[in-house]
Structures are given as C-alpha cells and as structure tokens.
Amino acid sequence: MLKHGILGLLNYGKMTGYEIMTVFRDSLSFFWHAQTSQIYRELQTLEKSGWIQSARIEQESRPDKNLLSITRDGKKELARWLKDDGLKSVIRSPLMMKTFFRGECSIDENIEFFKNLPEQNSVFPEGCKKADLLINEYQKNVPDRMKTLYWKFTMDFGLMYEKMLRKWCKNCIRELEEFKHGNTAD
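Residues numbered from 1 in each chain as written. Predicted model: local features only at pLDDT ≥ 70, side-chain atom pairs only at ≥ 80, totals over all residues. Heavy atoms only, no water.

A. Broad picture of the packing of aromatic side chains. Within the structure shown, the criterion is met by five aromatic pairs. Geometrically, the ring pair formed by Y12 and W151 is edge-to-face, given 5.5 Å between the ring centres and 90° between the ring planes. Remark: W151 occurs in helix α8 (residues 145-180) and Y12 occurs in helix α1 (residues 2-12); sequence separation between them is 139 residues. Judged by relative accessible area, Y12 falls into the partly exposed class, the value being 33%. Judged by its relative accessible area of 18%, W151 falls in the buried class. Note on Y150 and F153: the rings are 5.1 Å apart at their centroids and 90° apart in plane angle, and the pair reads as edge-to-face. With Y150 and F153 both in helix α8, this residue pair falls three residues apart, about one helical turn. By relative accessible area, Y150 is classed as partly exposed at 45%. Residue classification places F153 among the partly exposed positions, given a relative accessible area of 41%. (Phe/Tyr/Trp six-rings, centres within 6.5 Å; stacked < 30°, edge-to-face > 60°. Helix = DSSP H or I, 4+ residues; strand = E, 2+ residues; numbered from the N terminus. Buried < 20%, exposed > 50% of the residue type's maximum accessible area, 1.4 Å probe, protein only.)

B. Main features of the nonpolar core. In terms of nonpolar packing, the biggest core is built from 28 residues, with I6, L10, I20 and I39 touching the most fellow members. Going through the elements one at a time, α1, α2 (17-26), α3 (36-49), β2 (65-70), α4 (72-83), α7 (128-139) and α8 are the ones with two or more residues in this core. The leading source of residues in this core is α1, at five residues. Residue contacts for I39: discarding those within four places in its chain leaves L2, I6, I20, M21, F24 and A34. Core analysis: the next-biggest nonpolar cluster, separate from the first, contains 10 residues, L95, L117, I173 and L176 among them. (Core = buried A, V, L, I, M, F, W, Y, C linked by side-chain atoms within 4.5 Å. Contact = heavy atoms within 4.5 Å.)

C. Here's a closer look at α1. Burial in α1 covers these residues: L2, H4, I6, L7, G8, L9 and L10. Lining the buried residues of α1 we find α2, α3, β1 (52-57), β2 and α4.

D. Molecular detail of the side chain of R102. Examined against the element boundaries, R102 turns out to sit in the loop between α5 (94-100) and α6 (107-120). E109 provides the closest opposite charge to the buried, salt-bridge-free R102, at an N-O distance of 5.8 Å. Setting aside residues no more than four positions away along its own chain, R102 makes contact with E109, N110 and F113. (Lys, Arg positive; Asp, Glu negative; His and termini not counted. Salt bridge = Lys/Arg side-chain N within 4 Å of Asp/Glu carboxyl O.)

E. Looking closely at the layout of surface pockets. By volume, the second largest pocket is sized at about 310 Å³. In terms of lining residues, the second largest pocket is bounded by T16, G17, Y18, Y40, L43, Q44, E47, S54, D64, K65, N66 and L68. Among the secondary structure elements, those contributing two or more residues to the lining of the second largest pocket are α2, α3 and β2. Taken together, the residues of the lining of the second largest pocket break down into four nonpolar, five polar and three charged. (1 Å grid on protein atoms, 1.4 Å probe; cavity = no way out; pocket = protein on both sides within 12 Å on 5 of 7 lines; lining within 4 Å. Points joined across faces, edges and corners; volume = space filled by probe spheres on them. Nonpolar A, V, L, I, M, F, W, Y, C, P; charged D, E, K, R; others polar.)

F. Looking closely at a nonpolar patch on the surface. A cluster of nonpolar side chains, M146, L149, Y150 and F153, forms an exposed patch at the surface whose accessible area comes to about 390 Å². Locating M146 in the fold gives a position in helix α8. Note on M146: relative accessible area 47%, which makes it partly exposed. (Patch = residues over 30% accessible without salt bridge, like charges linked within 9 Å, V, L, I, M, F, W, Y side chains within 5 Å. Areas by Shrake-Rupley, 256 points an atom, 1.4 Å probe, with all protein chains shown as cover.)

G. Representation of the pattern of salt bridges in the model. By the definition in use, this model includes seven salt bridges. R80 is the salt-bridge partner of E77, the closest N and O atoms lying 2.7 Å from each other. One end of the pair is E77 and the other is R80, both in helix α4 and three residues apart, which spans about a single turn. What makes E77 buried here is its relative accessible area of 11%. The salt bridge involving R174 is made with E178; its shortest N-O contact spans 3.6 Å. On the criterion of helical spacing, the pair formed by R174 and E178 is a turn pair, its members being four residues apart in helix α8. With relative accessibility at 40%, the residue R174 sits in the partly exposed group. The exposure class assigned to E178 is partly exposed, which follows from its relative accessible area of 31%. Each of E77, R80 and D84 takes part in one network of salt bridges that share partners.

Bear in mind that shape data such as this cannot, by itself, settle questions of function.
As structure tokens, then:
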C-alpha cells in the first residue's frame, strides 16, 4: 500500500526523497503511517521495479540530490491499483485489540483510558485547521482542482472518524460508570 501512496505523490510531479517524506507527513500520515526508513526502502523497490526513476541533480553549495519521477509503467501500476475493486477495508487496529482485552484493567483505569483516548488518537494532532492549510498550500502545485477534491474527501473522513471516536469513548465511559455504580441491566 505504501508503494502506491508514493506512486500517487510522484504522479503529481517530480520530487526528492526528502520532499516525498515531507508531503507524506503533511498529508498521507493522517491515515497511513510510515517511517522514513520505510519510505526510502520502498523508493529503492519502486526503482528496481521500473515504476520510478531518479536523476542526479548537481548542486554547488549543497550535496547533490536525486529527483524522482514516476515512469510510464509506474503510472500503469497506479491506475491498475486505483481501479482494483477487490481491496477490502480490513480493520487492523491496535486500539481495538487493546480495547478487547481491557477487562484485565480496573474500571477506573479504563475510564481514564477512554477519557484520554480521543486526544491521543487524533487524526489531526495539530488541529484540522493546520491540515486544511496544508491541503490549500499543496493545491497550488496541482493544476487539476478535481484531483484535490479527493483530498477534501479524505479530510472529511478524518473529521467524521474523530467525531465517532469521541462519541464512542463517551458511551464506553457512561457504561463503565453505570457498571461501577451497579446500574447495569444484568
């Protein structure tokens, strides 16, 4: 999945590895996490696959840099992946795994857990306004506004997810409080 995210970014234009990392951090990291080492390892794999190519750019006062671009085969792979309807949204959530086993903790610990959860798991830890500003900034580099509309869709999903997470945590706290005080239907 990471390789397709990188191909998607390079489809917008040529970038260095550092620029890919920066754009990834400012946009895709809201819903897909990758370490710097993973991105650079994936860049090597993509180049070996013939989906991207690099050109060495000499600089006088700085170290040389590699400018990466998507190849024709890379564009075909990106299009194939985008059209693949067989992808399922399988939830692999450390949060849900941890929640499933929280019965091993005290009710008070769990109430505290659910109180802190929305802020600790925010899709937009620096605020959705910053995310919106970043999207607007990156839109300047993409002439086709229709493409950037999908960035908004992604941000909308993040906002709805955060709203759902907050509501879910409140419900969990309410049920734990009821259980703690013996107000259960059992």
